[in-house]
Amino acid sequence: MTTPPPAAADTDRIFDASTYVAGVPFEVLTRLREQQAVVWVDEPALLGWPAGPGFWLVLRHAEVEAVMTQPQRYSSALGGTQIRDPATADALRFVRRMMLNMDPPEHTRLRRLLARSFTSRALAQLEARIRDHARDIVTRVVGNASHGRCDFAKDIGADLPLLALAEILGVPPQDRMLMFDWSNRVIGYQDPDYASSSSFDLDAGTAMARKAMRLRPQPGPDGLMPDPRTREGMPDLYAYAHLLAEEKRRNPGDDVMSLLLAQVDDDGGQVSIEEFENMFWLFAVAGNETLRNGLPGACIALMENPDAQDELRTDPSLLPRAVEELLRWWTPVMTFRRTAAEDCVLGDTAIRTGDKVVVSFISANRDERVFHEPDRLDIRRHPNPHMVFGQGPHFCLGAQLARVQMRALFGEVLSRMGRLQTDGDPAYLRSNFQRGVKRLPIRWSVA
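Let us look at the structure shown here. (Residues numbered from 1 in each chain as written. Predicted model: local features only at pLDDT ≥ 70, side-chain atom pairs only at ≥ 80, totals over all residues. Heavy atoms only, no water.)

## Let's talk about the pattern of salt bridges
- The full count for this structure, using the stated rule, is 42 salt bridges.
- Between R129 and D132 there is a salt bridge, with the nearest N and O atoms lying 3.6 Å from each other. On the criterion of helical spacing, the pair formed by R129 and D132 is a turn pair, its members being three residues apart in helix α6 (residues 120–144).
- Judged by its relative accessible area of 35%, R129 falls in the partly exposed class.
- Close ionic contact of D343 with R352 constitutes a salt bridge, the shortest N to O distance being 3.7 Å.
- With a relative accessible area of 46%, D343 lands in the partly exposed category.
- By relative accessible area, R352 is classed as exposed at 55%. (Salt bridge = Lys/Arg side-chain N within 4 Å of Asp/Glu carboxyl O. Helix = DSSP H or I, 4+ residues; strand = E, 2+ residues; numbered from the N terminus. Buried < 20%, exposed > 50% of the residue type's maximum accessible area, 1.4 Å probe, protein only.)

## Overview of the packing of aromatic side chains
- This structure, assessed with the given rule, holds 13 aromatic pairs.
- Between the aromatic rings of F152 and F410, the centroid separation amounts to 6.0 Å while the plane-to-plane angle is 20°, which identifies the pairing as stacked. Of the two residues, F152 is situated in helix α7 (residues 152–157) and F410 in helix α17 (residues 399–416); the sequence distance between them amounts to 258 residues. Pair check on accessibility: F152 and F410 agree, each one buried.
- Each member of the aromatic cluster is reached from another via a ring pair, and the members are W182, Y240, F276 and F280.
- Positioned above the aromatic ring of F371 is the side chain of R328, whose terminal nitrogen or guanidinium carbon lies 5.2 Å from the ring centre.
- Looking at R366, its charged tip hangs above the ring of F26, at a distance of 4.0 Å from the centre. (Phe/Tyr/Trp six-rings, centres within 6.5 Å; stacked < 30°, edge-to-face > 60°. Lys NZ or Arg CZ within 6 Å of the ring centre and 35° of its normal.)

## With respect to the nonpolar core
- In terms of nonpolar packing, the biggest core is built from 125 residues, with F152, Y240, F280, F410 and I442 touching the most fellow members.
- By residue number, the principal contributor to this core is helix α13 (residues 273–304), which donates 16 residues.
- Setting aside residues no more than four positions away along its own chain, Y240 makes contact with V171, P172, D175, L178, W182, M208, A209, A212 and F280.
- Formed by 17 residues, the second largest nonpolar core is a distinct cluster that contains F15, L32, V39 and L59. (Core = buried A, V, L, I, M, F, W, Y, C linked by side-chain atoms within 4.5 Å. Contact = heavy atoms within 4.5 Å.)

## Regarding the sheet that holds strand β12 (residues 441–444)
- Strands sit in the order β4-β12-β9 across an open sheet of three strands; the sheet is antiparallel. Among the strands making up the open sheet, the edge pair consists of β4 (149–151) and β9 (420–422). On average, each strand axis in the sheet is inclined to that of its neighbour by 35°, with strand direction left out of account.
- Alignment of β9 against β12, held across three bridges, turns out to be antiparallel. Bridging from a neighbouring strand, L420 pairs with W444 of β12. (Pairing = 2+ DSSP bridges. Axes fitted to C-alpha atoms, helices over the stretch in contact; angles between N-to-C directions.)

## Digging into empty space enclosed by the protein
- On inspection of all chains with the given rule, the structure shows four cavities of 30 Å³ or more.
- Taken as a whole, the second largest cavity spans an internal volume of roughly 130 Å³.
- Around the second largest cavity sit 13 residues that line it, and F15, R84, Y189, Q190 and N432 are the ones nearest its centre.
- When its residues are assigned to classes, the lining of the second largest cavity shows eight nonpolar, four polar and one charged. (1 Å grid on protein atoms, 1.4 Å probe; cavity = no way out; pocket = protein on both sides within 12 Å on 5 of 7 lines; lining within 4 Å. Points joined across faces, edges and corners; volume = space filled by probe spheres on them. Nonpolar A, V, L, I, M, F, W, Y, C, P; charged D, E, K, R; others polar.)

This is the structure:
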């Protein structure tokens, strides 16, 4: 018996970025997931973006894993990794230079060089600095907060990933808010609050930052910024990365990017300046945004489940396992795209060469076939095969550091801020890609 196609109202709602301002429509994802592992989604023109050809949305854990672990069948390079197709052939050629949008063997070469740069010594230093930063952030917030209140997303969640990235990239601390603005512009291009983000204080930055910021684009006559997925849309980021690479080559430090620039591949080659620029984009944007939203998302989970807060305070040894569950429960990156490189069958669905195939991590991480009572936060959940960091050859290289940051920050928060409670409604990002938290007002009792 053939399964009837899902209701267009459901798939339209999943696709529309405006839906997520009110929260993820889990009931729709559950309904679709129960019907089929893979559903067709149309791409109407929305929010100033043109209509597209449509795509297959992969909803179940097993099928998402299959897509992510078969790069020869589901390509990152053929069409890039964002749902919307690049606007021009030149734009597609540009995104293919990023490691995120590469297939083996090109991807393998760069990933190997980057992995070698995360030496044991570098990781140990980073972990120590992350713990210091987490302690300093909570100390500042507790000391400055008005009557035990703050915006968790801005005052706590935003700063730790930026400080950690500044350590990894060798970016001077006074320039770190550049990464805040860059990630807002790229990830939040569908949201008017973020698309033209400008939080960086030029007077406080370095000469390198001031030089790069001269190239920052301005909104066009339609009020929109240039497409941030193109080089023309982010000239200030690329100028800064170029200047930083030149400085690292002249005066290498012990940061990961200095180590990367010194690496030699199997053929005796080194990372080019262009490759470094694209790697910098990946870290500055993707490396920041996932955790920046995962931290307030975890806070929301704990506020909705106060008993979990109490358990973690009583027994901090539960925190490592709890971090995995908090990540699964929130799932900051909701979707990622591949393109079919050959005719194939996924679940019971025939996929044609060239079709867009979009995995839904947010659905797979609530799949009842894998997770018992998936909508319930269970900080003791084990095993917990979530796919927050992806799967296969593109598994996130920064996963371990993200976990370190989560453990460090919530270790400080839970021990020093008392019972966390909401202090107003959160504001969510308008995006069908990133489950973003723009504002999260909270209050707490004395620890």
